[in-house]
Amino acid sequence: MSTTDANISPAANERTGATHLWVLLRLALGFVFLWAFADKLLALGFATGRAEDGTVDVLGPAAWINGGSPTRGFLLNATDGPLAKLFQGMAGVPLVDWLFMLGLLGVGVALLLGIAMRIAAIAGATQMLLIRVGTAPENNPLIDQHVIYAGVLLALAAAGAGNHWGLGTAWRRSQLVQRFPLLA
């Protein structure tokens, strides 16, 4: 142990460890959102772009950039429960597709950069909870990964996870945020 380490209190070490964990969770969740965006944009063959025979058609007709709908398959086939018909009626609607994709992209970029964390947390949590409501009930009638993601998103914003290894501090000081504090 160096003399520098000896001068750091155990509480400070715990805070530093927790800060690093929040940052890693922020970055990982940002990647989850951006990966979903990229897969639906380009039909990379993970959740989007797989033919019935199992082959992958990257940049094929399922790709959003080629006219495919990023919401159609999920909303028609994965929705269940009392609100299934409502969600199925939204399948392939261009406004719903755009909102979904902009949500994935915006939340993913905000999380990776550590900016606009409150808006990203609220938008991402809303998106996750809507997916949960559309698929309920699943294996667990109360909690699934979408509920966990929503909680982690809100916790990331509350913990100030964008201020470390990110641009959160600079973002909050920007003229844009100073003029429109809601963007912080």
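K.L.:
Explain the layout of surface pockets to me, please; I cannot follow it from the model alone.
P.N.:
Unoccupied space between atoms shows up once a probe the size of one water molecule is rolled over them. In this model, the largest pocket occupies a volume close to 1,200 Å³. Lining the largest pocket are 41 residues, with Lys40, Pro70, Phe74, Phe100 and Ile131 positioned closest to its centre. Listing elements by their share of the lining of the largest pocket, those giving two or more residues are α2 (10-42), α3 (72-77), α5 (94-113), α6 (117-135) and α7 (145-158). Top element by residues in the lining of the largest pocket is α6. It accounts for seven residues.

K.L.:
How should I be thinking about α7 in this particular structure?
P.N.:
What sets the pattern is the α-helix's 3.6 residues per turn: residues three or four places apart point alike. Over its 14 residues, α7 extends 20 Å from the first C-alpha to the last, a length consistent with the 20 Å expected when each residue adds 1.5 Å. Among the residues of α7, His146, Ala150, Leu153 and Leu156 are the ones counted as buried. Summarising the axial view, the buried residues of α7 lie within an arc of 125°, below the 170-degree limit, and thus occupy one face. Capping the start of α7, Asp144 holds a side-chain oxygen 3.0 Å from the backbone nitrogen of His146, two or three residues further along. The positive-phi residue at the C-terminal boundary of α7 is Gly160, with phi of around 70°.

K.L.:
In this structure, what is going on with a nonpolar patch on the surface? I would like to understand it.
P.N.:
A cluster of nonpolar side chains, Trp98, Leu102, Leu105, Val109, Leu112, Leu113 and Leu167, forms an exposed patch at the surface whose accessible area comes to about 580 Å². For Leu113, the position within the fold is in helix α5. Taking the relative accessible area as the measure of exposure, Leu113 reaches 36% and is therefore partly exposed.

K.L.:
So what exactly am I meant to see when it comes to the nonpolar core here?
P.N.:
Soluble globular proteins tend to bury their nonpolar side chains together. Residues Phe33, Met101, Leu111 and Leu153 are the most contacted members of the largest nonpolar core, which totals 19 residues. Elements supplying a minimum of two residues to this core: α2, α5, α6 and α7.

K.L.:
I would appreciate a short explanation of the environment of Ile148 in the present structure.
P.N.:
On the secondary structure map, Ile148 appears in helix α7. On the basis of relative accessible area, Ile148 is assigned to the partly exposed category, the value being 47%. Spatially, the C-alpha atoms of Ile148 and Ala125 are 9.3 Å apart, while their sequence positions differ by 23 residues.

Parameters and conventions
Residues numbered from 1 in each chain as written. Predicted model: local features only at pLDDT ≥ 70, side-chain atom pairs only at ≥ 80, totals over all residues. Heavy atoms only, no water. 1 Å grid on protein atoms, 1.4 Å probe; cavity = no way out; pocket = protein on both sides within 12 Å on 5 of 7 lines; lining within 4 Å. Points joined across faces, edges and corners; volume = space filled by probe spheres on them. Helix = DSSP H or I, 4+ residues; strand = E, 2+ residues; numbered from the N terminus. Expected span 1.5 Å × (residues − 1). Buried < 20%, exposed > 50% of the residue type's maximum accessible area, 1.4 Å probe, protein only. Arc of directions from axis to C-beta. Polar contact = N/O pair within 3.5 Å; in protein donor to acceptor, adjacent residues only side chain to side chain. Patch = residues over 30% accessible without salt bridge, like charges linked within 9 Å, V, L, I, M, F, W, Y side chains within 5 Å. Areas by Shrake-Rupley, 256 points an atom, 1.4 Å probe, with all protein chains shown as cover. Salt bridge = Lys/Arg side-chain N within 4 Å of Asp/Glu carboxyl O. Core = buried A, V, L, I, M, F, W, Y, C linked by side-chain atoms within 4.5 Å.

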